[in-house]
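Each chain is listed here by its residues.
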Amino acid sequence: MPSGPALAEFLAGHDSLAVVCHNNPDPDSLASAMALEVIAHDEGLTDVDVLYSGSISHQQNRAFVNLLDLDLTRFAVGDLDTADLVAFVDHSRPGANNEVPQETSVDIVIDHHTADGVDASYVDHREAIGATATIMTEYLSELDLLTSEALATALMFAIRRETLTFLRGATSAEFAAAELLHGHLDTELLRRLAHPAVSESTVDAISDAIDNRTVRGSTLLSHTGWTTERDAIPQAADYLSEVEGVQTCIVFGLIDDSVELSARSTDSRVHVGNVLDEAFSDVGSAGGHRQMAGGHVPLGLFADLASDGGDEDLVEMVERIVSRRLSRRLNLSSREEADTE
């Protein structure tokens, strides 16, 4: 049975650990990695590296790394060769939302996201709960390691962020974890993490998503067009999901060489993780929970279909194909549904 003591026993006797965060890590992944590092050090592992790929671009994620002075290393495949153990936190399978080769053997998986085929020597995979940080809080409490204000504050912020301040996907486990953390918090640090400055590029992207929105029944679809701010897409989805009468909101945007999607839903009839998976798994990777999900599609698959008209034609092409695929899975009426892809 997975537990703090069981994990500690698994770690004991080893010297080094590579903790791999998922691509573009968020506070849930980062705080969970921090907690695992503390447990590993307590068991005598002297060499622990926290690795990530992608970017840390969301203003809250940047503030999280800077204010907590996290020591992170850009992932390279060779980093795993010298570690006694390899751990995934907040994701579960090599090659899925990470740059780890699919054939890599993983020793530890601690995650709450929906996934099949999770394979590791130590697995704590709880799809029913709201945050991986919840699991790590339980572990620290069981091992009597909840002593650091910075770590407790990081875990509390991660749980709040992952559950939209306990309003989305939160379970009794999240509230129990919050109670464990409450007495150890640095409230000023928590306030600073929650209210970082927002870049003009993020504001512009959210503004474009507002302008480009279309509402069909209780579903809102929109896009940011081209943006350099990857995390503006989920922020736009969070904001537009609050529009009166909207129960399902999906926002996408073009970033570098890919199309990124973010979805939110409070409609009991809709599982947005399944919607994105069914709509885009044949051309990219997508999925998530009933209320919150995301996706990534290589832009080349769309660029090959666009004319020589440049970026505007490409945005129009992506909007047409993405909207059509989503409309079909959500059973929305669309004048373009009769078109062939």
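Caption draft 1: Here's a closer look at the overall build of the chain. Each helix and strand counted, the chain has 12 helices and 12 strands in total. Over its C-alpha trace the chain gives a radius of gyration of 20 Å, about what one expects of a compact globule, namely 20 Å for 341 residues. Overall, the C-alpha framework of the chain stretches about 60 × 40 × 35 Å when taken along its three principal axes. Taken across its 341 residues, the chain has 53% of its residues classed as buried. Counting only contacts in the chain whose residues sit at least 6 apart along the sequence, the fraction spanning at least 24 positions is 62%. For the chain, the accessible area works out to roughly 15,300 Å², and carbon and sulfur atoms hold 45% of it. Taken together, the 21 basic and 59 acidic charged side chains of the chain have centroids lying 10 Å from each other.

Caption draft 2: Structural view of the sheet that holds strand S7 (residues 214-216). Across the sheet, which stays open at both edges, the 6 strands sit in the order S7-S8-S9-S10-S12-S11 with mixed pairing between neighbours. Only two strands of the sheet have a single neighbouring strand rather than two, namely S7 and strand S11 (285-288). The mean inter-strand angle of the sheet, taken between neighbouring strand axes irrespective of direction, is 15°. Two elements, strand S9 (residues 248-255) and strand S10 (residues 258-265), share 8 bridges in a ladder whose sense is antiparallel. Bridge pairing in S10 places Cys 249 opposite Arg 264. Sitting on the sheet, helix H8 (residues 200-211) is in contact with strand S8 (219-226) and S9, with an inclination near 135° to S8.

Caption draft 3: Summary view of the side chain of Gln 235. Of note, Gln 235 is situated in helix H9 (residues 232-240). A distance of 3.4 Å separates the side chain of Gln 235 from the side chain of His 58, its partner in a polar contact. Side chain to side chain, Gln 235 and Gln 59 meet in a polar contact 2.6 Å long. If we ignore the near neighbours within four places in the chain, the residues touching Gln 235 are His 58, Gln 59, Thr 202 and Ile 206.

Caption draft 4: Fine view of the pattern of salt bridges. Applying the stated criterion across every chain, the model contains 9 salt bridges. Here Arg 264 makes a salt bridge to Asp 238, at a shortest N to O gap of 2.6 Å. A residue pair is termed long-range when its members are at least 10 positions apart, and Arg 264 in strand S10 and Asp 238 in helix H9 qualify at 26 residues. Salt-bridge contacts for Asp 267 lead to Arg 269; the nearest nitrogen and oxygen are separated by 2.8 Å.

Caption draft 5: Summary view of the pairing of S10. With respect to burial, S10 is a largely interior element, 8 of its 8 residues being buried. Side chains Ser 258, Glu 260, Ser 262 and Arg 264 of S10 all project onto a buried face; the interleaved residues Val 259, Leu 261, Ala 263 and Ser 265 project onto the opposite face, where all are buried too. The turn linking S9 back onto S10 is made up of 2 residues, and Asp 256 within it adopts a positive phi angle of 55°.

Caption draft 6: Fine view of helix H5 (residues 149-162). Across its 14 residues, H5 extends 20 Å between first and last C-alpha, which sits within 8% of the 20 Å expected from 1.5 Å per residue. Burial analysis of H5 places 10 of its 14 residues in the buried class, which makes it a mostly covered element. Backbone geometry just after H5 places Leu 164 at a positive phi near 50°.

Rules behind the numbers
Residues numbered from 1 in each chain as written. Predicted model: local features only at pLDDT ≥ 70, side-chain atom pairs only at ≥ 80, totals over all residues. Heavy atoms only, no water. Helix = DSSP H or I, 4+ residues; strand = E, 2+ residues; numbered from the N terminus. Rg over C-alpha atoms; globule rule 2.2 N^0.38 Å. Buried < 20%, exposed > 50% of the residue type's maximum accessible area, 1.4 Å probe, protein only. Contact = heavy atoms within 4.5 Å. Areas by Shrake-Rupley, 256 points an atom, 1.4 Å probe, with all protein chains shown as cover. Lys, Arg positive; Asp, Glu negative; His and termini not counted. Charge placed at Lys NZ, Arg CZ, Asp CG, Glu CD. Pairing = 2+ DSSP bridges. Axes fitted to C-alpha atoms, helices over the stretch in contact; angles between N-to-C directions. Polar contact = N/O pair within 3.5 Å; in protein donor to acceptor, adjacent residues only side chain to side chain. Salt bridge = Lys/Arg side-chain N within 4 Å of Asp/Glu carboxyl O. Expected span 1.5 Å × (residues − 1).

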